Each structure stands twice: as structure tokens, then as C-alpha cells.
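Here is what each chain is made of, one letter per residue.
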Amino acid sequence: MSETHQYDAIVVGGGHNGLTNGAYLAKSGLKTLILERRSFVGGAAITEELHPGFSFTTFSYGLSLLRNEVIHELELTKHGFMPIVMPTTFAPMENGDYLLLGPDHDQNIKEIMRHSPKDADAMDRYDYDLQRVLQYVKPIFDRKPPNIFSKNPEDLADVRWLLNHLGKADKKVIHDTVRLLTGSIADFLDDYFESDIVKGLMASSGITGTKLGPMSQGSGLVYLYMTIGEHDGALGSWSFHKGGNGGVTQVLARAAQAYGAEIRLDSAVDHVTVIDGRASGVVLADGTEFTAPVVVSALDPRRTFLELVPRRELPSDLVETIERFRFQGSASKVNFALDGAPRYPALGDRTDQYNGFINIGPSIEYLERAFDAGKYGWYSDRPYLDTCIQSFVDPDMAPPGKHVMSCFTMYTPYELKGSTWDAERENLGDTVQRTLESFFPGFSDLVLHREVVTPLDIEQMTGLSEGNIYAGELLAPQMYFFRPAPGWSDYRTPIQGYYQCGSGTHPGGCVIGSPGRFASQQVIADSKL
Amino acid sequence: MVLKVLTTPFHARLSELSETGLYMHWAGYLTASRYDLSAKHEYFGVRTAAAIYDLTPMYKYWFRGRHAQRFLEGILARDVRTLKVGRAQYQVWCDDDGYVLEDGVLFRYAPDEFLLTCAEPNLGHFAQLARGFDVEVIDAQSQIASLALQGPRSKVILEQLSPEVADLAYFGILQTKLAGHPVTVSRTGFTGDLGYELMMSNDSALPVLDALLEVGGPHQIRPFGDEALSMTRIEAGLPLIHVDFESARFAFNDHQRFTPNELGLGWLLKGIEDPSRPFIGRRALLREQSEGLSRWATVGLVLDWKAYFDLHESNGLIPTMDEQVAAWETMLYDSDHARAGWATSLMYSPMRQAYIAIAKVRPELSAIGTIVQVEHTVNHEYYMVPAEVVPLPFFNPPRKVSMT
């Protein structure tokens, strides 16, 4: 029996956007094949048992931006979708004190008051002002970017929609939005807050995964991006999916398969076949061929444009733009299997502070100094850590009484000056462990297993160029109708039938699903022409 | 000040675990609204780990004696003869017109020994009907301390204290010892999840609770209160007195009364045609069935998330997802804007990622997939949000009944 090699659509890459895209295409009736290089789906959203009984979220670890449209249109709750509330945020301080925020608004105000009555008073105004900005930006975020370079009536209508929307908000909201989109998160926070711990905690969201410090222009945009998600309607809230973010991609895979999509593992795509400017299928690294009139790349822009197809098929200005597209991954992951719960001296034997994120970024200065190293090609001696002990909210992640801890680590530039990640990998692990030990005395004694994932490892394992977790930096010139390149933000490419659906397209990275969904809409619309 | 409300035998320990000090009154006892600052965290304790709910305020009645079965047969609407020793069954009992008085769970300890648990007092009703039967009706509310242990980890926790629990089937009962104390364990609950209920003497309450907390600690065991219980019971599709129905005994008119069929509990009436089992309300219920007299059907509703979002966003509001159960009835309309019924138990369901409700609709609107319009107020105006009729329960994990 020869296997069928003819499809209506082939999706290259079984990460969350590839799966989302494949699910939508299959749901629309297309015979769809999703090809994944590794022996499991998930891309950068995987959960692996790297130590017996301990499930590691090797890369991506939190959920907030996944769009409601994707959750409902793909009927994900039927397939086990389950975002678990993380009721607390814990921010240890270098003097041994802490900021512990929880689900009760008034308690949070009292807790902030311990650090600064001014900040406690400002919090409601800040939250309100930010919500107004998010409310204003969200419709733009949740719509395909208009093609401002086109003169066809549909594109002109999209531009008119945008201009109309932009003029709708009141002056303060528009001004706040522009200040966030163009300025630094440090400046924005200064208008409201004075205490280091409050500002450090909040500014941390302005640097996540990006080669920017909190004082850099552009960190406001990253902050906005990191807060535009929600958990069950709570804007800016993150959740932990059952089984980690690998749990999310398993749910997406089941949904895709339920709609009839076929997933083929261990199938690295060598190239997309192009005949007369049209995509006609793909050839795997082992020479196997599959044909389809539609090929969708879920890979990042560099791989989509410069590796999967011949450059001669692309306009040279596009090739140039993609060549200078900024990846420059600066984040790592250090994951631990722990023999028990870490102890925070000021809280004695309490562990309820571990039900959500634990933010090691106690001041803007701490974050900015961590960035200093990154600017000059080295990793931070005192890194910023966004950590969580997921086994507290999902006990299935570790054996009873034991824990698994995920530490998102910055800054760790992809290109090291004077060394390599192969040489520095375990030194980075030691640096992270030493930092944690300084906040949680005795931490190292709990460590049963450690996994260090540098930008190089991210690149090698997931294929994300230079280990950039968003498939390309979240910088203004690489966002919206410039993502990934001017004129090519509509999920199409210059090659007919060849599409892009990765996080290198609008709106961008995180487990979000929009690129996969928007791209599927474009494919389906084009197939009806 | 002297507390004039009773506390349960578990209170001494559970109150130490309360971060909120929030309690309500139920059947003369303090009952926790929530222990954690987040009821949702407690809810996820039930759905991902294991959680404890203090059930002691439940009313409990022993029925003991030669005629115990025959007596109950004539009162309870579900056939008691099918209840084997060592098993429990969900039950309702009705008035002469077939309207539900209450619901509860009946446990059969021995051929002549039953225990009924329910949320409201029923002693007078049963005692009055017991005349002429060799049956003793004993109010045991204050003699039995009871605790629900619910959630995917409940089994592994109990197994450590009593390995026999491994073989306990859904709605089975086991007499065992936990930490050296005699405990009746049943695989029952109000959460729609894998779970157990434990009954013991008051003296055993604290030692058993302490053993559970100790063994459960590594499994992230935590107590949960009424708010989280409501969320789980609505997802389980289980009706609650004073929310989804009223007792026919205390209703002022038939609008407040419902038959088992109207409450979606028609399945309990299996075998009602058999004339060898006359029970209170049977003839009215037979007539309801044969003449199609049901006024309402109980269905699950899932509100259209997109319509809900669009409605709020187009009115300049950020849509809220509130898992706090709406305390009021919400009106339903059909496609012709005619009254279709009403929804109770309306809340945002984390498992369905949408607002859900338990609703009464005109029977012709009860087919799965039917769309009804839910009245919803935005900016002081009434709007309609479409909702789809779905099967109950809303959440029904295989682990609830599985033996592995």
C-alpha cells in the first residue's frame, strides 16, 4: 500500500500556530497534512518528562494570549483545554521582604501600602488607565493588519476601518497608547509609582523575551503585548494550562485531528517545491514528496523566506528586509526538579505564595543592570527570572511532595562575546541557581535535576532562529503591517499558494493562535477566488 | 461574645485553614463561603487535585426496621428495591400531585437499614408516614460528622488510609477505618468529579480530617467552601433546592413546584408503570407522562461567547467572566420573542470557557442544539444573548465513574 501523498494543504511545522492553522484548514474541508520535524508536536510549547515523574515545560510555560476565537471556534474545551487560575504573584526582595499579590483587590492594596501608600493609592488609577489602552488596542490586535500599500477596494476599506478606529478613543487614551507603544515602561510607571518592588514587578513584563531593558524605548510596547491577554476575562492575567503549555498543543493536535487533519511526525521539510511561481508541495529531508496547491509555513520569517524556498522566487527588497529582521534571542530557560518546596525565610513554612508567578526582578535598576550584560554580549550575573512552580497548581506535574520549577531567564544573548553557549551552558545554570539561592536559602539542596536551555538550544531544538521566543523581536518596525515585512503582512508570500502562519506574522509570539487563524482565513478566502 | 450558631466537629481545624473568615449559616451551623481568598483556586482544587468540603450540616435520617424498605418504597420516587446493600442512590420524593418535595441520597447499610441525606429538614414528613410500619425514623444530623473529599487525587489519598477504597465503585459504600476510626466511605459527591463522602462519629472527625490533610498535603489538598461547590455542582448539572426548584410543601403556588420530569430527573422514575410499587405522587406522574402534561424541561445552556463579547465591546465595556453564580432568575425568549422559560444557576464555567446556566424551557425547545435568547442587561438596557441547549452535565470526566 502506498501512502497518499496528495493533499489540499500542507502545513510545515507542528508548533501551536501550525496546529491551529491545520485545524482551521481541516475544519473548512481541506485535506490537510501537518508536518513536524520532531517526534512530537508542540514546537516551543511542549511538556517533557525529563526526570522520572517530573514534567518540564522546556520552553513556553504560561498562557494568556491564546485568543478566545481559537478556543471556541476549534472547540478546544472538548479536547481537554483547561487553563488553571494562578491566584498569586510573588515578588521577593533583596532585603528579604516581598510583595505578595493575590486574588483579593483590597488585600492587594493593603499589601502595596506596606511598601508605599502612594503606590497603593495609584494602583486603581493605573489599572483603569491601562484597561482603557488595552480596550483601544485590542480590536487592532485582533484584526488582520491592513495593507496600506495596496489600492484595491478591500484593502482601502481596511485602512479606513483603522483610521476610524484610531480616532474613536478620547485624547488621554490615545496619548497613553502612544506613550506605551513608543516609550519605555520605566517612564510610564514613573507617572504612577515610586516603590522599587512595585515598579520592578510591573516593568518585568516590559522586557519579557526582548533585547530591551525597562529603560529602553520600546519596552512599553512589549509591556502592552504581555498584558493584552487574559484569563477568563481578567485582562493581563496569566494561567497555567493543565499539563503545561505542552498540554495546550496536545489539545490543539486533538482538535486538528478531530477535524480530519493528518499529523506526520519525524518529517523535517527540506524545501517547498515551486513551479512557475506557484507552490506545489514539499520535499522532506529524506526525499519523500508531498503535493498540495497550498503550503503554509509555520516557521519563522528567516526559515520561511530564506530557507524553505529559493531566493530567486522572491523580490530582492523582501529578501533584504528578512535578512535584517531582528531575532537576537536573549532569553533562556532553566528548569528544575525539586525535592520539596523552596523556603522563603520571611514567610516561614508558608507555600501559598507559590500558586502563581514568582518574579525575581525586584527593581527597575535590577532589571536594567541585568540588561547591561546583555547589551555587551554576556549573560547577567544577577539575571531577571520569571519563575513558577507549576506543581502547586497542577500536582500532576511532579510526584507528590516534589515540585517542578520553571525559570525564564534574562538576559542571555544568543551571540556571546568571547565564548559559546556550549561552554557557558552549565555556568548559566549555576548563575540562575546561585541567584535563587540568594532569595531562597537552601534552594540548591532541593535540586534533583536541572535543565538549562540557552538561546542556542532553543534554536537547535525548536528551529526558532537565534532562539528568539517570538519568532522575531517585538520591536515597532517589526510589528503590525511591518510583520514580517512591509507589504507581506497578509499571511501570503510572493509565491502563489505559499503562506506564512508563524509568530513572525501579526500579531506576534506567545501561545496566541492568531497567526495560524488569520493565515487560515487568507488561505480559505483565496481558495474561493 | 458567645457564638450562637453551631460549629461542626471539623470547624476547629478547618477554621485554622481559613484565610477569609467568611461563613454563612446552613441548618444551624457555620458553613464556609470560601477559605482561600480565591474561590476559583478552591474550584481548581476540585478539578486538578483534591479538596475537602464540610458536609456535616446535611440532614441525615436513619430508617431502621423490618419494614424499612417497604416504607421507603412507598415514599421515594426511585425504586428502592433496586438499591443493593452497600450501595447508594440519588433520590427524590414527591407530594400527591407528583411535585418534588426534595432530593437526597439514600444509602443502604443493611437489608433493614437505610440512611437518607438531604439539605432541608424532612423528619416530620417521614415520621408522619411511618405510622403502621415497623420502621424507626431517627434524625442523625448531630450524630454524624460528614466530609466530602472530591477531585482527581481523592482516590489516591484515601487509598493510602484504606486500600479497600480502590475497589469502591461509583455510588458504592464501604465501611472501613481511616486512621483507626470507623468511617463510612461512599463514592458520591456534588461536584461531578471523582470523589467520596465520609461519615463518622463526631469524636472521629478531627483525627480523620488530620489524617486526610497529612496524607493529602503532598497532593495539594485544600478545603473548599460554598462558592466553589456551587461552581462544581452547576458544571455537574445537579439541581439545588431554593435555586433551581422549591419544595412543593412550602410553595405558595404551582409556579414554584416542579415534577421530577420537569427537573430533568425523569430517569429516576424508571419502572413507574409497575403497579406493584405504589408511591406518593405515582399516579399524577403517570398522568403527566401519558398526557404530556410537563410544563417545562430542564436543559443546560451555553451562552454564545462571541455575542456576549460583541455586546459588551460594542457598548464600550470590557466583557467580564464571572464564576460567581447569579443569584437571580434570567428570562429566556424564543425566536419569536415569546417567553421560552428562565435560567437559574447562571455562571461562567472555566471548564466550558463560557457562561452556562441550568434552565427551564418549554418542552418543545428542549432539543439539543436549540437556540434560545437570554435576557442580559448592559448599560441599563435589556439585550438578548443567544444560547444553545446542550446536554447536562456540562462537565463529566471519565474518572468520575471509572475503576482505574
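Computed from a prediction, not measured in an experiment: that's the story for all the values here.

**Focus on the overall build of chain B**
At step 1: A tally of helices and strands in chain B yields nine helices and 19 strands.
At step 2: A compact globule built from 404 residues would reach a C-alpha radius of gyration of about 22 Å, and chain B, at 22 Å, matches this within 12%.
At step 3: Of all 404 residues assigned to chain B, the portion counted as buried reaches 47%.
At step 4: For chain B, the share of sequence-separated contacts (at least 6 apart) that also reach a separation of at least 24 residues comes to 66%.

**So, the overall build of chain A**
At step 1: Within chain A one finds 17 helices and 21 strands.
At step 2: When burial is assessed residue by residue, chain A has 55% of its 529 residues classed as buried.
At step 3: The long-range fraction of contacts in chain A, counting pairs at least 24 apart against all pairs at least 6 apart in sequence, stands at 73%.

**Some points on the packing of helix α1 (residues 16-27) of chain A against helix α17 (residues 514-527) of chain A**
The relative placement of two packed helices comes down to the angle between their axes together with the axis-to-axis distance.
Residues and elements named next belong to chain A.
At step 1: At a closest axis distance of 7 Å, the pairing of α1 and α17 adopts a crossing angle of 35°. Like other packed secondary-structure pairs, α1 and α17 cross with a definite hand, here right-handed. Along the contact surface, α1 presents Asn 17, Gly 18, Thr 20, Asn 21, Tyr 24 and Leu 25, while α17 presents Pro 515, Gly 516, Arg 517, Ala 519, Ser 520 and Val 523.
At step 2: Counted by class, the contact of α1 with α17 contains five nonpolar, six polar and one charged residues.

**Comments concerning helix α4 (residues 117-141) of chain A**
For an α-helix, 3.6 residues make a turn, and residues three or four places apart therefore share a direction.
Residue and element names in this part refer to chain A.
At step 1: Over its 25 residues, α4 extends 35 Å from the first C-alpha to the last, a length consistent with the 36 Å expected when each residue adds 1.5 Å.
At step 2: Met 123 marks the point of greatest bend in α4, at about 35°.
At step 3: Among the residues making up α4, those that are buried are Asp 119, Leu 130, Val 133, Leu 134 and Val 137.
At step 4: Looking at the packing, one finds that the buried side of α4 touches α3 (105-115), α6 (171-182), α8 (196-203), α9 (219-227) and β9 (234-235).

**Quick look at the interface of chain B and chain A**
Size of an interface: often given as the accessible area lost when the parts come together.
At step 1: Of the residues lining the interface, 22 residues belong to chain B; the matching set on chain A comes to 26 residues.
At step 2: Within the side of chain B that touches chain A, the residues separate by chemical class into 12 nonpolar, seven polar and three charged.

**Topic: the environment of Tyr379(A)**
Residue and element names in this part refer to chain A.
At step 1: Looking at the secondary structure, you find Tyr 379 in the loop between α13 (364-375) and β18 (384-389).
At step 2: Placed 29 residues apart in sequence, Tyr 379 and Arg 350 show a C-alpha to C-alpha distance of 32 Å.
At step 3: Apart from residues lying up to four places away in sequence, Tyr 379 is in contact with Ala 373, Tyr 411, Thr 412, Glu 424, Leu 428 and Thr 431.

**Concerning the domain arrangement of chain B**
Residue and element names in this part refer to chain B.
At step 1: The domain architecture assigned to chain B consists of domain 1 (11-58 + 142-235) and domain 2 (297-390).
At step 2: One C-alpha centre belongs to domain 1, the other to domain 2; they are set 32 Å apart.
At step 3: Secondary structure elements with two or more residues in the side of domain 1 that touches domain 2: α2 (39-48) and α7 (226-235).
At step 4: If you tally residues by element for the side of domain 1 that touches domain 2, the top one is α7, at five residues.
At step 5: Class assignment of the residues belonging to the side of domain 1 that touches domain 2 gives a composition of three nonpolar, one polar and three charged.

**Quick look at unusual backbone geometry**
Residues and elements named next belong to chain A.
At step 1: Residue Tyr 411 is bonded to the preceding Met 410 through a cis peptide linkage, with omega at 0°.
At step 2: Here the bond from Arg 483 into Pro 484 is cis, since omega is 0°, no more than 30 degrees from zero.
At step 3: Here Pro 484 lies in the loop between α16 (455-462) and β21 (498-500).
At step 4: The phi angle at Glu 75 is positive, at roughly 50°, despite the residue not being glycine.
At step 5: Looking at the element boundaries, Glu 75 is found in the loop between α2 (68-73) and β5 (83-85).
At step 6: The backbone of Tyr 480 shows a phi angle near 55°, a positive value even though the residue is not glycine.
At step 7: By the element assignment, Tyr 480 lies in the loop between α16 and β21.

**Digging into the pairing of strand β3 (residues 51-54) of chain B**
All names here are of chain B.
At step 1: The side-chain alternation of β3 yields two buried faces, one formed by Ala 51 and Tyr 53 and the other by Ile 52 and Asp 54.
At step 2: Alignment of β3 against strand β9 (residues 144-150), held across four bridges, turns out to be antiparallel. Paired with Ala 51 across the bridge in β9 is Gln 150.
At step 3: With two bridges connecting them, β3 and strand β13 (residues 222-223) associate as parallel partners. The partner of Ile 52 across the bridge, within β13, is Pro 223.

**As for the nonpolar core**
At step 1: By size, the foremost hydrophobic cluster in this structure holds 257 residues, and its most contacted members are Ile10(A), Val12(A) and Val296(A).
At step 2: Sorting elements by how many residues they give to this core places strand β17 (residues 354-361) of chain B first, with seven residues.
At step 3: Those residues in contact with Val12(A), other than ones at most four positions away along the chain, are Leu35(A), Val269(A), Val282(A), Val295(A), Val296(A), Ser297(A), Ala298(A), Leu299(A) and Leu308(A).

**Here's the deal with the sheet that holds strand β16 (residues 339-349) of chain B**
Residues and elements named next belong to chain B.
At step 1: Overall, antiparallel pairing links the six strands, which are arranged β14-β17-β16-β15-β18-β19 in a closed barrel. With strand direction ignored, the average angle separating the axes of adjacent strands in the sheet is 40°.
At step 2: Here β16 pairs with β17 via seven bridges, running antiparallel. Across the sheet, residue Tyr 348 finds its bridge partner in β17, namely Tyr 355.
At step 3: Across the face of the sheet, α7 comes into contact with β16 and β17 while running at roughly 125° to β16.

**Here's the deal with the domain arrangement of chain A**
Residues and elements named next belong to chain A.
At step 1: The domain architecture assigned to chain A consists of domain 1 (9-44 + 68-74 + 243-325 + 465-527), domain 2 (118-229) and domain 3 (331-411 + 413-453).
At step 2: Measuring from the centre of the C-alpha atoms in domain 2 to the corresponding centre in domain 3 gives 28 Å.
At step 3: Of the residues lining the interface, 15 residues belong to domain 2; the matching set on domain 3 comes to 14 residues.
At step 4: The element best represented in the side of domain 2 that touches domain 3 is α8, accounting for six residues.
At step 5: Within the side of domain 2 that touches domain 3, the residues separate by chemical class into seven nonpolar, five polar and three charged.

**Examining the sheet that holds strand β13 (residues 278-284) of chain A**
One key point about sheets: their strands pair by backbone hydrogen bonds, in either a parallel or an antiparallel sense.
Residues and elements named next belong to chain A.
At step 1: Strand order in the open sheet made by the three strands is β12-β13-β14, with antiparallel pairing throughout. Because the sheet does not close on itself, it has two edges, and the strands there are β12 (269-275) and β14 (289-291). Across the sheet, the mean angle separating the axes of adjacent strands is 25° when strand polarity is ignored.

Conventions adopted
Residues numbered from 1 in each chain as written. Chains lettered and ligands numbered in written order. Predicted model: local features only at pLDDT ≥ 70, side-chain atom pairs only at ≥ 80, totals over all residues. Helix = DSSP H or I, 4+ residues; strand = E, 2+ residues; numbered from the N terminus. Rg over C-alpha atoms; globule rule 2.2 N^0.38 Å. Buried ≥ 20, exposed ≤ 12 C-beta atoms within 10 Å, placed from the backbone. Contact = placed C-beta atoms within 7 Å. Axes fitted to C-alpha atoms, helices over the stretch in contact; angles between N-to-C directions. Left-handed = near helix turned anticlockwise from the far one by under 90°. Nonpolar A, V, L, I, M, F, W, Y, C, P; charged D, E, K, R; others polar. Expected span 1.5 Å × (residues − 1). Bend = angle between axes of the 7 residues up to and from the residue. Domains from an automatic or database assignment. Pairing = 2+ DSSP bridges. Core = buried A, V, L, I, M, F, W, Y, C linked by C-beta atoms within 7 Å.

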